[in-house]
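# An overview of the molecular structure
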Amino acid sequence: MADAPSAPTASSGVASAEWLAGGSGGADRLAQLLPAALRGMAAGTAERGGPVPAGGPAAVAATLARTQSADGLPRHGVGAEQALEELSALLAAGSADPADPACAAHLHCPPLALSVAADVVAAALNPSMDSWDQAPVASEIEREFTTGIARLCYPDATRPDAVITSGGTESNLLGLLLARESAVTRPVCGANSHHSVARAAWLLGLPAPVVVPCVDDRMVPSALAEALAPLGAQAVVVATAGTTNTGRIDPLPEIAEICRRTGARLHVDAAYGGLALCSETLRSRVAGLELADSVALDLHKFGWQPVAAGVFAARGETDLQALTVRAEYLNADDDTEAGLPDLLGRSLRTSRRPDAFRMAVTLRALGVSGIGALVERCCANASGVHVLVEDHPALRSWGAPELSTVVFRPVAADELPGTAGDDLVAQVRRTLLEGGTAVIGRGALPTGPDGEAQLWLKLTLLHPHTTPADYRALLDAVAAVAADLRTSVTRESPVAS
């Protein structure tokens, strides 16, 4: 057997930027290079000094223009350490930092350092999850992890199964795809559903979803029953456990009973709220999830993983056979008959990263109960911040949070006529963003006269190590900016006063 290639040295003429991450000496090479990347990251974070770079898109573009070559592709390299340190500093200085409490606009979590470290190992070894001979152990780790997630979703099912996806969008696509392969062709969803449901129907050549009314951002069961009456077993209902606007959870047990009675299939988009299953305290909020035919989960929300970390679970493993496809060079019949696992039929994608590895490492380190404790902290924070909003004289709450989303609106916006209030809400968000002060979200909800949409601000709290007190200054900043803008509007327009 030939000897393994020796590690390059300076005298070998191989530049450090050409060193490989795997093989003999790969870990040592990474150990030499990672400090440069981390130094750059630390320097960029210090330079930013807040949750997001100040100045908006123009300022970021100007920074890039000063640091990059004219065409973006340098003719000659500067070496590994310098490239890593410089561009890591640039990325960190120009990034929104989800680990900052004032960065709370989206379902964008601060990843666990544990998971990031695991991701470095996975990236260095680079298993490609499209055939077993490229990923022998990675495929077994993925199988064990997905089996565990499937049992978490379906504790009483005989043979549940799950596959790794890139997130809720792909999982919702899978939910409608498997329905279509079962001759179920009419999507039905709530007005609160994620935009990916309608997009999935379009991609699959299905009719546009029948949209069911919602109250309090939850699907109305009686309206669903009415919508299903003429459709019956031709329908696939997409319910939501954790809406993006408010974090509300549809009444899953009632929806599941209506689907059972009418013969409709049920897919639940639980990308946000599904990991409440890990908490003994919170799992009752997603009761009925186990009654769905399929479920979408995201561990890059409650799960604290780097993007992407989606999982699609099915109550019956036979459903997933619809993904089976043959490619001679990846899953030849004689190989699978000889016992080699077929990975190609485990995804819509061909080449894909070993994303399950870092998820498996996290669950091994924390356990299901540990993840549940982090979810509980975030939900408790949201409840505490909601109290702060209710006690704040310049803010108005939309309602008590069900998960970790706090929805509120400056009182100053309600004092303006017509659409001027919504304009003020939008300006508050942009002012804080462009000033580098905070990243907060927005959502349109039917709270205006005659159910017209009104614009609200939202905080999506996914930082498990904060307390409500950490958000007091952010609420005060929202109120102060709203007051300043209200004064400006009043001065400029006598009608507004």
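Here we summarise the structure given alongside this text. What you see is a predicted model, and the numbers here were worked out from it, not measured in a lab. (Residues numbered from 1 in each chain as written. Predicted model: local features only at pLDDT ≥ 70, side-chain atom pairs only at ≥ 80, totals over all residues. Heavy atoms only, no water.)

### Side note on the packing of aromatic side chains
This is how it is decided: Pairing of aromatic rings covers Phe, Tyr and Trp, the last through its six-membered ring, and needs centres within 6.5 Å; plane angles under 30 degrees mean stacked, over 60 mean edge-to-face, and all others mean tilted. Secondary structure elements are taken from DSSP: a helix is a run of H or I of four residues or more, a strand is a run of E of two residues or more, and numbering for both begins at the N terminus. Categorising residues by exposure relies on relative accessible area from a 1.4 Å probe, with only protein chains included: less than 20% of the type maximum marks a residue as buried, more than 50% marks it as exposed, and the intermediate range marks it as partly exposed.
Summed over the entire model, instances satisfying the criterion amount to 2 aromatic pairs. Pairing Tyr272 with Phe302 gives two aromatic rings, centres 5.5 Å apart and planes at 45 degrees, and the pair type is tilted. Pair noted here: Tyr272 is in the loop between β7 (265-269) and β8 (294-298) and Phe302 is in the loop between β8 and β9 (310-314), with a separation of 30 residues, a long-range link. By relative accessible area, which is 0% here, Phe302 ends up buried. Between Phe302 and Trp304, the ring centres sit 5.8 Å apart and the planes meet at 40 degrees, which makes this aromatic pair tilted. Trp304 carries the same exposure label as Phe302, and that label is buried.

### Let's talk about the sheet that holds strand β12 (residues 441-445)
To be explicit about the condition: Strands qualify as paired when DSSP identifies two bridges or more between them. For every element, the axis is a line fit to its C-alpha atoms; helices are fit only across the contacting stretch, and the angle between N-to-C directions ranges from 0 to 180 degrees. In what follows, residue pairs with any heavy atoms lying within 4.5 Å of each other are defined as contacts.
Taking strand neighbours across the sheet as the criterion, the 4 strands line up as β10-β11-β13-β12 in an open arrangement whose pairing is antiparallel. Strands with a single pairing partner mark the edges of an open sheet, and in this sheet they are β10 (395-397) and β12. Each adjacent strand pair in this sheet contributes to an overall mean axis angle of 40 degrees, direction not counted. As judged from the 5 bridges shared by β12 and strand β13 (residues 454-460), these two strands associate in the antiparallel manner. Pairing of Gly441 across the sheet is with Lys458, part of β13. Packing of helix α12 (residues 355-391) onto the sheet brings it into contact with β10, β11 (405-410) and β13, and relative to β11 it is tilted by some 15 degrees.

### Brief notes about helix α9 (residues 252-262)
The test is simple: As used here, the arc belongs to the directions running from the helix axis to the C-beta atoms.
Along α9, the residues that are buried comprise Leu252, Ile255, Ala256, Ile258 and Cys259. Axial view of α9: buried residues confined to an arc of 160 degrees, hence all on one face. Of the exposed residues in α9, those oriented more than 90 degrees away from the buried face are Arg260 and Arg261. The inward-facing, buried residues of α9 contact β5 (218-219), α8 (221-228), β6 (235-240) and β7. Directly beyond the C-terminal end of α9, a positive phi value near 85 degrees is found at Gly263.

### Here we look at the layout of surface pockets
Applicable threshold: In this analysis, the protein atoms alone were mapped onto a 1 Å grid. Cavities are point sets where a 1.4 Å probe fits without being able to get out; pockets are open sets with protein on both sides within 12 Å along at least five of seven lines; lining residues have an atom within 4 Å of a point. Grid points are joined across faces, edges and corners, and a volume is the space filled by probe spheres set on the points. Basically, the charged four are Asp, Glu, Lys and Arg, the nonpolar ten are Ala, Val, Leu, Ile, Met, Phe, Trp, Tyr, Cys and Pro, and anything else, Gly included, counts as polar.
In this structure, the largest pocket occupies an estimated 1,100 Å³ of space. Taken together, the elements giving at least two residues each to the lining of the largest pocket come down to α1 (26-48), α3 (80-93) and α4 (113-125). Considering each element in turn, the lining of the largest pocket owes the most residues, 8 residues, to α1. Here the lining of the largest pocket is composed, by residue class, of 26 nonpolar, 6 polar and 3 charged. In this structure, the second largest pocket encloses a volume near 560 Å³. Along its surface, the second largest pocket is lined by 21 residues, and Arg143, Thr147, Asp161, Glu317 and Arg346 are the ones closest to its centre. Ranked by the residues each element gives to the lining of the second largest pocket, the list is headed by helix α5 (residues 136-153), at 7 residues. Residue composition of the lining of the second largest pocket, by class: 4 nonpolar, 8 polar and 9 charged.

Limitation: the analysis is restricted to geometry and does not speak to function.
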